[in-house]
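Single-letter residue listing:
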Amino acid sequence: MNSRQARSSTRLSSFMTELSEAGLEVEQVALEAARDGWDSKVEYFLAQVGFSVGLGNVWRFPYLCHQNGGGAFILLYVLLMGLVGVPLFFLELAAGQRIRQGSIGVWRHISPKLVGIGYSSCVVCFFVALYYNVIIGWSIFYLGSSFQYPLPWENCPTEGNDTVKECAASSPTAYFWYRKALDITDSIDETGELNPIITGCLLAAWVIVCLAMYKGIKSTGKVMYFSSVFPYVVLLCFLIRGVTLDGASEGIKFMFYPRLEIWADVQVWRQAATQVFFALGLGFGSVIAYSSYNPRNNNCHRDAFTVSGVNFMTSVLATLVVFAVLGFRAKTIATECVKRSVKMICECLILKHIIMPEVPYMYIFQKRYDVYLLEDELKQGVEGTGLAFIAFTEAMTLFPGSPFWSALFFLMLLNLGLSTMFGTMAGILTPLTDTFKTLRNHKLLFTACSCVVGFLIGLTFTQRCGNYFVTMFDDYSATLPLIIVVIFQTISVAWVYGADRFLEDLKRMLDRPVPVVYKYLWKYVCPAAMLGLLGASLLKMILERPTYTAWNREKASKENLPYPDWALAVLSALIIVAFLPVPIGYIHFLLLERLGQSPADAEAGYVPCATTDIDLTPLGTLPPSGDDPNSFPPLLHENHGSRLQNGHIEHFESSNEL
């Protein structure tokens, strides 16, 4: 052996010893500071279901079915769920479970150039949390108002001997929502003072979230046993009660009657894809965060189908409930209208001394008119707050024991909102505490401060015009940024890292082969579908000036108004700010690379879960095996390796010279 070979052998031996010592030290640090994992698979499953099943399943999906072909829309939804939704959901589950970090760490490991994807997910989660907790605050207000008999929105209030004009011109439920609950202004330009009652309800909502999140998933997992299960109990109770109501069958038939010609409308495809997208919570980082607490051998492929299936069945169940109740409401309104009309006709005939027609003829007239009015009522589809706080509340006033059903309904909305809110907050807290050691060491303080900041900024939504800002954030702060985030996620896995390599990683992780069809879905179908959705959404924004629905006090009715220029600037800023971390992360990587510095984050000392999994060392800290000094973990090939220095993981370049 010559001197060069001897020096190379000595260097290799020293190198392997150092890596071995580093690996032991990393594992020791990981075990000492391990973060919590799920106590059981049930907690994890309920958390994923609770996050994906939210308010949109109750008040958005039924409306879309109603407006877009009924049964035909459901078939289209199932098609897109299978081709796009489930594959992307499985991708996020698998990435989080394989790498065991939040969204920031996952995309940094796959490609440091795309670390901005994780930060962008955090920004979108923060935007959504701001207005979503306001909706939870509204549910708390209505829940508290339900413990009265009669319900405060059952009858119009009076001023002296006269009924309030605004209520008489609309309806008791609409008046209570717009005037008593929101005290809303006529437009977004009129700000108005803070609504003290809604502000108090918002504070209560943030306190609940903070208490549920203060111990991370250890506390959140326990809350999920109630918040995720209780809505199903309520939905089943409403379904049993609803199908026994007069008019329920007409409502359900109207709902599910398929109109296949609607498939020719591009906007219907856009709405179906958007609903699939948001129903599964893609791009938020919450799915990745929850999955990262799993043991690495968990069958996430089965979870993807199970959670998606439960989500879809919940939407169908909610649709049955909503249209059974709305069918009853429409039948009641139509019947009362027919009775008044028949009475007026009879009075006119008597006054003119005209012989009354036989009863069968009047009965046939009444039935035909009744059917016509019933269909007319059902065609007036409502969604969102209009469904939950106006149409559904009006229907419940017709129930015997209406306060009980009202309290049950708004308690269900409260739990649906909270379970989704917990996942949204996990999409913020988990990746940031995984990435920054300072935040990880002060997790409780960071959680409390996040809730305080969320409440303070959320005061914007408790102004008298706050409902208009909720609509703006709901329509624009998440949709486009999340679509872009998911496009980058899919491309980074399927093309940057490689779909074949990812499938091979999953095969080793799950100890079973993954169907090769995912390779083609991730590489071609999903990116094409998401690009099409992005293009359709952008075209709609460009070709049609964005509008919002305002309440006109004088007319006592809703009207569509265009957003003023300053509001367009705000919503544009929301979209830009949410997407901005992606190009910033890429530019930051290029600058570090040009300066000859490591792109690794010095704070990125990832801490694995304290699960029963025997392999507690994360992929980013695994040293090479003793048999092959060049055998690094699959998801770290492009990072070449790592060594422990000053308590942190630092990357190094492997030398070709031995």
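All of these numbers come straight from a predicted model, not from anything done at the bench.

Cut-offs and rules
Residue positions are given per chain, counting from 1 as you read along its sequence in written order. Note on the predicted model: pLDDT of at least 70 is required for a residue's local features to be given, and 80 or more for side-chain atom pairs to be given and counted; whole-chain, interface and lining totals, by contrast, use all residues. Where side-chain values are given, they derive from all heavy atoms of the structure, hydrogens and water being excluded. UniProt positions are given in the numbering used here, feature names are shortened, and annotations may be inferred rather than shown by experiment. Numbering goes from the N terminus for both helices and strands, where a helix is a DSSP run of H or I of at least four residues and a strand is a run of E of at least two. By definition, residues are in contact when any of their heavy atoms lie within 4.5 Å. Burial classes: relative accessible area under 20% of the type maximum marks a residue as buried, over 50% as exposed, and values in between as partly exposed (1.4 Å probe, protein chains only). Any pair of nitrogen or oxygen atoms within 3.5 Å is treated as a polar contact; in protein, a donor-acceptor pairing is required on top of that, and neighbouring residues in sequence qualify only through side-chain atoms on both sides. Note that a disulfide, as used here, is simply two cysteine sulfur atoms within 2.5 Å. The pairing criterion for strands is at least two bridges between them, as found by DSSP. What counts as a salt bridge is simple: a side-chain nitrogen of Lys or Arg found within 4 Å of a carboxyl oxygen of Asp or Glu.

So, about the UniProt feature "binding site: Na(+)" (unreviewed entry) in the chain. Summarizing the sequence annotation, UniProt attributes the feature "binding site: Na(+)" (unreviewed entry) to Gly50, Val53, Asn57, Asn311 and Leu416 in the numbering used throughout. Annotated residues spanning 367 residues; largest pairwise C-alpha distance 12.4 Å, indicating a single compact cluster. On the secondary structure map, Gly50 appears in helix 2 (residues 41-52). With near-sequence residues (within four places) excluded, Gly50 lies in contact with Ser228, Ser419 and Thr420. Within the secondary structure layout, Asn57 lies in helix 3 (residues 55-59). A relative accessible area of 3% places Asn57 in the buried class. In this structure Asn57 touches Ser52, Pro62, Asn311, Ser315 and Ala318, once residues within four positions along its chain are discounted. There is a polar contact of 3.0 Å between the side chain of Asn57 and the backbone nitrogen of Gly54.

With that out of the way, let us pick up the state of the cysteines. Using the criterion set out here, one finds one disulfide in the structure. The partner cysteine of Cys156 in its disulfide is Cys167, sulfur to sulfur 1.9 Å. Residues Cys156 and Cys167 share a disulfide whose torsion about the S-S bond is about -80°; that sign makes it left-handed. With a gap of 11 residues between them, Cys156 in the loop between helix 7 (116-145) and strand 2 (158-159) and Cys167 in helix 8 (residues 165-169) connect regions that are remote in the sequence. Under the relative-accessibility criterion, Cys156 is labelled partly exposed at 24%. Between Cys122, a cysteine without a disulfide, and Cys125, which holds the nearest cysteine sulfur, the sulfur-to-sulfur distance is 6.6 Å.

A few words on the side chain of Gln101. Relative to the helices and strands, Gln101 resides in the loop between helix 5 (71-99) and helix 6 (103-110). The exposure class of Gln101 is buried, given its relative accessible area of 2%. A distance of 3.2 Å separates a polar atom in the side chain of Gln101 from a polar atom in the side chain of Arg108. Separated by 3.0 Å, the side chains of Gln101 and His109 make a polar contact.

Looking along a regular strand, one sees the side chains alternate between the two faces of the sheet. Here six bridges tie strand 4 (residues 547-552) to strand 5 (residues 557-562), and the two strands are oriented antiparallel to one another. Note on strand 5: the bridge partner recorded for Asn552 is Ser557. Hairpin connection between strand 4 and strand 5: a loop of four residues separates the two successive antiparallel strands, and Ala556 in this loop has a positive phi of roughly 55°.

Per the stated rule, a full pass over the model turns up 13 salt bridges. Close ionic contact of Asp183 with Arg179 constitutes a salt bridge, the shortest N to O distance being 3.1 Å. You can call Asp183 partly exposed: its relative accessible area is 25%. With a shortest N-O distance of 2.8 Å, Arg508 and Asp505 are connected by a salt bridge. With a gap of three residues between them, Arg508 and Asp505 both fall in helix 23 (residues 479-510), about one helical turn apart. One salt-bridge network, in which partners are shared between bridges, spans Glu166, Arg179, Asp183, Arg464 and Arg553.

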